[in-house]
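One letter stands for each residue in the lines below.
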Amino acid sequence: MTMHKGGCFCGTVAIEVRGLPEAMGYCHCGSCRAWSAAPVNAFTLWKPENVKVTKGADFVAQFMKTKMSGRQFCAKCGGHLMADHPPLGLVDVYAATIPTLAFRPAIHVNYAETVLPMKDGLPKLKDFPAELGGSGVALPE
Ligand SMILES: [Zn+2]
Ligand SMILES: [Zn+2]
């Protein structure tokens, strides 16, 4: 089983992910943008049992603006770690948090809100896939 290590900006918090992510892609929503201070969020979605905090758990802080996302970060350095999505039963470990994982995006979500169009030939969903409660509507690049 493959394993990747990651952590926060200062190194106080360390995490491990095991196995393979359930999905990888880019989110273009305004919330990801405001939280990450970046034009898109490169996400990798994992089953919660495959994600472990191995060091510095006391420093993992969480901010929940909505019930959909528990955004987790290091309370010491402010470095972002991951976002728990309880309604989906999945955790988004930001691709940048686990640098040794080969990031292979397959989809763009919330593309209706994009500020950084990406012409990469991948499907572009207006919001979320239908199976995750979205419209499932695809948009042109
Ligand atoms: Zn830190
Ligand atoms: Zn988003």
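Everything below is about the structure printed above this text.
Now for a description of the structure that goes with this document. In this text the structure is predicted, and so the values were computed from the model without any measurement. (Residues numbered from 1 in each chain as written. Chains lettered and ligands numbered in written order. Predicted model: local features only at pLDDT ≥ 70, side-chain atom pairs only at ≥ 80, totals over all residues. Heavy atoms only, no water.)

**Section: the pairing of strand β8 (residues 80-85)**
So, point 1. Sheet topology places strand β7 (residues 69-74) next to β8; four bridges connect them, and they run antiparallel. The partner of Q72 across the bridge, within β8, is M82.
So, point 2. Taking the residues that link successive antiparallel strands as the turn, the β7-β8 hairpin has five residues, and the phi of G78 there is positive, at about 80 degrees.
So, point 3. In terms of strand pairing, β8 meets strand β9 (residues 90-93) through four bridges, oriented antiparallel. Pairing of D84 across the sheet is with V91, part of β9.
So, point 4. Remark: four residues form the turn of the hairpin made by β8 and β9, two consecutive strands paired antiparallel; G89 in that turn has positive phi of roughly 65 degrees. (Pairing = 2+ DSSP bridges. Helix = DSSP H or I, 4+ residues; strand = E, 2+ residues; numbered from the N terminus.)

**Overview of the environment of F9**
So, point 1. Mapped onto the elements, F9 comes out in the loop between β1 (3-7) and β2 (14-18).
So, point 2. For F9, a relative accessible area of 75% corresponds to the exposed category.
So, point 3. When sequence neighbours within four positions are dropped, the list of residues in contact with F9 reads C77 and G79. (Buried < 20%, exposed > 50% of the residue type's maximum accessible area, 1.4 Å probe, protein only. Contact = heavy atoms within 4.5 Å.)

**So, the coordination of the zinc ion (ligand 1)**
So, point 1. Around the zinc ion (ligand 1), the donor atoms from the protein are C8 (SG), C10 (SG), C74 (SG) and C77 (SG), and they sit 2.3 to 2.4 Å away.
So, point 2. Here the zinc ion (ligand 1) is ringed by four donor atoms whose angles at the metal span 105 to 116 degrees, and the overall shape comes out tetrahedral.
So, point 3. Binding-site remark: the zinc ion (ligand 1) is held by donors from one chain whose sequence spacing is C-x1-C-x63-C-x2-C. Of this pair, C8 sits in the loop between β1 and β2 while C74 sits in strand β7, and the two are 66 residues apart along the sequence.
So, point 4. By relative accessible area, C74 is classed as buried at 1%. (Donors = N, O, S within 2.8 Å, 3.2 Å for Na, K, Ca; no water. Tetrahedral: all angles 85-135°; square planar, octahedral: opposite > 155°, others 65-115°.)

**As for the coordination of the zinc ion (ligand 2)**
So, point 1. Taken together, C27 (SG), C29 (SG) and C32 (SG) make up the full set of protein donors to the zinc ion (ligand 2), lying 2.1 to 2.3 Å away.
So, point 2. Sequence positions of the donors to the zinc ion (ligand 2) reduce to the motif C-x1-C-x2-C.
So, point 3. Exposure remark for C27: the relative accessible area of 6% places this residue in the buried category.

Everything listed here is a matter of coordinates, which is why it stays silent on function.
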